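# Observations on chain architecture
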Amino acid sequence: MNAFVAAYLTQDGLANGAIYCLLAIALVLVFAVTRIIFIPQGEFISYAALTYVALREGHTPGTVGLLLALVAGAGFIDLLREGFGGLVSVVRRSLAPVGLAGLAAVSARFGLPALVDLLITVALVACMGPLLYRIVYRRIAQASSLVLLIVAVAHHLVMLGLGLYFFGPEGVRAAPLIDASVSLFGVPVQAQTIVILLSCAVLVGGLYVISERSFYGKAMRAAAINPIGARLMGISAELAGETAFLVAAVIGAISGILISGATTIYYDSGFLLGLKGFVAGILGGLASFPLAGIGAFGVGLLESFASFYASGFKETIVFALIIPILLWRSMAKAR
Amino acid sequence: MKPRQVATGLAVLAVATAPMVLGEYQLSLLTYVGLSAIVALGLVLLTGKAGLSSFGQAAFVGIGAYVSAIATLRAGLSPWLTMPMALLATGCCAWVGALVMVRLSGHYLSLATIAFGTAMFFLFGGLDITGGQSGLSGLPPLMLFGFAFTRAMPNYAFVWLVVLGLIWALGNLLDSRIGRAIRALRDEAAMAEAMGVDIAAAKSAVFILSCVLAGFVGWFYAYFQRFVNPSPFSLAQGIEYLFMAVLGGANLLWGAVVGAGLVTLLKPLLQARLPELFGMSGNFESVVFGGVVILLFQFASAGLLPRLQSALGWSAIAAHAIDPAEPLAKRAVFLADGPALEVVGARKAFGGVIANVDVGLAVRSGEIVALIGPNGAGKSTFFDLVTGVTAADAGDFMLSGASIRGCSGCEIARRGVGRSFQHVRLIGDMSVIENVALGAHLRGRSGMLVAMLRLNRREEAGLLAEALRQLRRVGLDGLAWSEAGSLALGQQRIVEIARALAGDPRVLLLDEPAAGLRHQEKQILAGFLRELRAEGLAILLVEHDMDFVMGLADRVVVMEFGRVIAAGTPAQVQNDAQVQEAYLGSVA
């Protein structure tokens, strides 16, 4: 290996690391607030990538049908819970996602600028987060984290199958948001890499500010640190759960759009990406955001260098990393 | 004959008669059901009983299969020789895994098994020695006395003999000393530790056992399929095994068989129909299984078979007569000179909150000392320090002159400390007598294998007889076979005392034993504690009922804000100005 290859691998590793960093933050957030190990996080990535590319190519994305199905499902459950007296609120809650689905279906025909497609994609996927929480987790929010994990895995399988049905088996790759390359210390750097790193920095910074300064952010932190205390202070666990899922979906959607400019995404690509986010998140015990972030870049770099030295064992090496991490954590705990 | 036994008999009969009525295809399908059931049985122990769950069992099946296949193809070893190799290989991998995860919360194991399952799948597909994606072929069938297992029938018979044998053996295991410890792991691990159960060892043992069962399936699979490739050992298959266990009922051994049957038999059906329905090809059966699992946990989280049992009104507890047995060996009595329990200068801070400062007290054998104080005075923290639940920042803790500072809860129990808990900690769905027998954990010795083969009957009889003896002493022997969770709160507190006594302690720590008892029951309890005192037990109790304490205790220690503010006879303490101020506020 020479310096040029090393620089190239580092660049690749940092770009992937940034994506894993975003995912790890979403996963830690969802776990802290709801105790759910959110395996389906990866599906937001593939859904977003497939939606964005469909919009760019002028097709109605499968997300539209999926979102309508989720709205119908959540509405049905709400009616079962609340009776017909809840009809008004069910309709009110459904307006935004249905309207958005309609907008997406129409806008696909007009060939809008990339930025608009991007916003529509993020909004579509973001709508799914709270709906999924309502359908799958709300009723069992008090169950043990083991049960929540098993349900999350089942949820992942359902999302995977629905992804295949609504988007089809073909892989997609979006044009990079900015197709250019600059030279840094004599090494060509893809503009997309810079876009990914900058987006990651902006998102992480934004989340930090929101959680430190805003009312909702503080409420979420309270719900994560002391759920019962937060509930006694009038913070609804349900609302906290839905908000966590909303943030996770937004992060997943942005990651999906970013990564679709760098690699081909299939309906099932998200799972492995999300799992790498978990490997990073575990470094911080699914509790520390900074450690999760550091872990994410570590995973990205390890993967990138492993693909150079032992390409056939890239995935094995990355996932086997969890064993030393857990060993370290269990020794830290024993002390 | 009880309905449960009839149902078991019918199930065994169905397994035995199936080959007479079914054809080759159905029999080999049922062989797959049996294989999955073996893996799911391991998960019943792991998930349903010990409260850990693994999505990576398929990877362990794979390790068993590849080790066997490679040993046969490369070294020409007979399948009967490769079986121990396969079991050893999976056992060793599981042992390493257990080493890593036992101290961490359960969800780390689950996540680690997802990562492990993924890593192993890529490893199987990437190595040269495993034949990459195309795998290894040309394996011989199993042979027994010159007879080759090429047709469905012998394979079916072999697998289902193993399944039935395992249900028998694992049933024996759960109905034993080790089994009771395993059944405490899911909800009451901290309590079990105070009863002397080595939690880390018990969790590791269950994990290794369940993985070895998976390894066995892998071994058989290699010679049944006669070729091995990575796809049956993927994470998706590992998830499916776990689904089988939770669908059938992760708390019941037969639940594994029901779940394995449902999933394995429905899968080909769904695979044939669903693509038509969706208008495209794909693994849509996973949508159905995933959806069913989501629904299951919303409405019937225990699984199908337990649901059926409760619908039929069958109790989960099988009462049985207890064989007469020799009394268990008693512990050596503590030396008469010097206190049985002595604490000097105990200190504990939680962040900025100082819960215990310089707390010291001594309890002699044959003495009752009461620890009293307003709520938040640090009494329960002190109990936790003495019993090793939390580590003290400073202080000397001596049991009959020997330091127990830094010992695990399990070790402190071994040295003769028994305790009850402020919030009752019984295993609600286990019978009262089994709960009490858990207290006698350290008075038995037999291990897992002995328990599975039912060679521990004498020891079991001794432990249960001891549990019954303690229940009789506290007057609850009539409820021995009731579900512990169905007792009134006061009775549950008394069961906790019986459980502590079953461990033959020298020092007894009771945390609010009289709370929830009626006046008359309190008097009976006080009489009983006096009896124990006369037998030479050192008793330290935390209690809020002053009438109860003052009439019973030899000495009283009063705490406030983490400090001892007074100590002496009940009369001395009652007249202490500082104590009066703590309880009644300043007189002035």
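My aim in this report is to walk through the structure given alongside it, one point at a time. Computed from a predicted model, the values in this text were never measured in an experiment.

### A short note on the overall build of chain B
- What chain B contains, in helices and strands, is 23 helices and 14 strands.
- Burial analysis of chain B (588 residues in total) assigns 55% to the buried set.
- Once local pairs closer than 6 in sequence are excluded, the contacts in chain B between residues at least 24 apart make up 76%.
- Per element, the accessible surface of chain B, about 24000 Å² overall, is 60% carbon and sulfur.
- Positive and negative side-chain charges of chain B, numbering 43 and 41 respectively, have mean locations separated by a distance of 6 Å.

### Things to note about a nonpolar patch on the surface
- On the surface, Trp168, Leu449, Val450, Leu453 and Leu455 of chain B cluster together to form a nonpolar patch covering roughly 520 Å² of accessible area.
- Along the polypeptide, Leu455 of chain B turns up in the loop between helix H17 (448–452) and helix H18 (457–473).

### Some thoughts on helix H4 (residues 87–107) of chain A
Residues and elements named next belong to chain A.
- Compared with an ideal rise of 1.5 Å per residue, which puts 21 residues at 30 Å, H4 spans 30 Å between its outermost C-alpha atoms and is within 8% of the ideal.
- By the largest-angle criterion, Leu95 marks the main kink of H4, which is about 35 degrees, and a proline, Pro97, follows within four residues.
- When H4 is considered as a whole, its buried residues turn out to be Ser89, Val90, Ser94, Pro97, Leu100, Ala101, Ala104 and Ser107.
- If you follow the buried residues of H4, they end up packed against helix H2 (41–56), helix H3 (62–82) and helix H5 (114–137).

### Brief notes about the pattern of salt bridges
- Here the structure, examined in full by the defined rule, presents 33 salt bridges over all chains.
- With a shortest N-O distance of 3.0 Å, Glu315 of chain A and Lys276 of chain A are connected by a salt bridge. Here Lys276 of chain A lies in helix H11 (residues 270–283) and Glu315 of chain A lies in helix H13 (residues 314–320), a separation of 39 residues in the sequence. You'll find Glu315 of chain A and Lys276 of chain A in the same group, each marked buried.
- Here Glu466 of chain B ties to Arg469 of chain B by a salt bridge, and the two come within 3.3 Å at their closest N and O atoms. Of this pair, Glu466 of chain B and Arg469 of chain B both sit in helix H18, three residues apart, which is roughly one turn of that helix.
- We classify Glu466 of chain B as buried; its relative accessible area is 5%.
- Three or more residues are tied together by salt bridges with common partners; here these are Asp78, Arg81, Glu82, Arg93, Arg134, Arg138, Glu238 and Glu242 of chain A.

### Regarding the packing of aromatic side chains
- Scanning all chains against the criterion turns up 30 aromatic pairs over all chains.
- An angle of 70 degrees between the planes, with centres 6.3 Å apart, marks the rings of Phe38 of chain A and Tyr137 of chain A as edge-to-face. With a gap of 99 residues between them, Phe38 of chain A in the loop between helix H1 (3–34) and H2 and Tyr137 of chain A in helix H5 connect regions that are remote in the sequence. Grouping residues by exposure puts Phe38 of chain A and Tyr137 of chain A together as buried.
- A cation sits over an aromatic face here: Arg425 of chain B above Phe421 of chain B, 5.3 Å from the ring centre.

### Notes on the interface of chain A and chain B
- Taken together, the 44 residues of chain A in the interface contact 43 residues of chain B.
- Both sides together, the interface formed by chain A and chain B hides about 3800 Å², and carbon and sulfur atoms give 81% of it.
- The tally of links from chain A across to chain B stands at zero salt bridges.
- Taken together, the links from chain A to chain B amount to four residue pairs in polar contact (both at pLDDT 80 or more).
- A total of 15 residues in the side of chain A that touches chain B trace back to one element, the largest contributor, which is helix H6 (residues 145–167) of chain A.
- Tallied by class, residues from the side of chain A that touches chain B come to 33 nonpolar, seven polar and four charged.

### Description of the sheet that holds strand E12 (residues 538–542) of chain B
Residues and elements named next belong to chain B.
- The mixed open sheet is built from six strands, whose spatial order is E10-E11-E12-E7-E13-E14. Each edge of the sheet is formed by a strand with only one pairing partner; in this case those strands are strand E10 (417–419) and strand E14 (563–568). Neighbour-to-neighbour, the strand axes of this sheet turn through a mean angle of 20 degrees, independent of strand direction.
- Both E10 and strand E11 (residues 507–511) contribute to a ladder of three bridges, which runs parallel. Bridging from a neighbouring strand, Gly418 pairs with Leu508 of E11.
- Across the face of the sheet, helix H19 (residues 489–502) comes into contact with E10 and E11 while running at roughly 165 degrees to E11.

### Some remarks on the environment of Leu471 of chain B
All names here are of chain B.
- Position of Leu471 relative to the elements: it lies in helix H18.
- Relative accessible area serves as the criterion here: at 0%, Leu471 is assigned to the buried category.
- Residues in contact with Leu471, not counting those within four places in the same chain, are Val432, Ile433, Val436, Leu476, Asp477, Ala480 and Ala498.

### A word on the packing of helix H7 (residues 191–213) of chain A against helix H10 (residues 237–260) of chain A
Residues and elements named next belong to chain A.
- The N-to-C vectors of H7 and H10 enclose an angle of 170 degrees; their axes lie 10 Å apart at closest approach. Relative to H10, the element H7 is oriented roughly antiparallel. Of the residues in H10, those in contact with Gln192, Val195, Ile196, Ser199, Leu203 and Leu207 of H7 are Val247, Ile251, Ile254 and Leu258.
- The class makeup of the residues in the contact of H7 with H10 is eight nonpolar, two polar and no charged.

### Description of the pairing of strand E1 (residues 181–184) of chain A
Residue and element names in this part refer to chain A.
- In the sheet, E1 pairs with strand E2 (residues 187–190) via four bridges, with the strands oriented antiparallel. Bridging across to E2, Val182 finds its partner in Val189.
- Hairpin connection, E1 to E2: the antiparallel pair is bridged by two residues, and Phe185 has positive phi, about 50 degrees.

The rules behind these values
Residues numbered from 1 in each chain as written. Chains lettered and ligands numbered in written order. Predicted model: local features only at pLDDT ≥ 70, side-chain atom pairs only at ≥ 80, totals over all residues. Heavy atoms only, no water. Helix = DSSP H or I, 4+ residues; strand = E, 2+ residues; numbered from the N terminus. Buried < 20%, exposed > 50% of the residue type's maximum accessible area, 1.4 Å probe, protein only. Contact = heavy atoms within 4.5 Å. Areas by Shrake-Rupley, 256 points an atom, 1.4 Å probe, with all protein chains shown as cover. Lys, Arg positive; Asp, Glu negative; His and termini not counted. Charge placed at Lys NZ, Arg CZ, Asp CG, Glu CD. Patch = residues over 30% accessible without salt bridge, like charges linked within 9 Å, V, L, I, M, F, W, Y side chains within 5 Å. Salt bridge = Lys/Arg side-chain N within 4 Å of Asp/Glu carboxyl O. Expected span 1.5 Å × (residues − 1). Bend = angle between axes of the 7 residues up to and from the residue. Phe/Tyr/Trp six-rings, centres within 6.5 Å; stacked < 30°, edge-to-face > 60°. Lys NZ or Arg CZ within 6 Å of the ring centre and 35° of its normal. Buried area = accessible area lost by both parts, 1.4 Å probe. Polar contact = N/O pair within 3.5 Å; in protein donor to acceptor, adjacent residues only side chain to side chain. Nonpolar A, V, L, I, M, F, W, Y, C, P; charged D, E, K, R; others polar. Pairing = 2+ DSSP bridges. Axes fitted to C-alpha atoms, helices over the stretch in contact; angles between N-to-C directions. Parallel < 35°, antiparallel > 145°, perpendicular 65-115°, else oblique.

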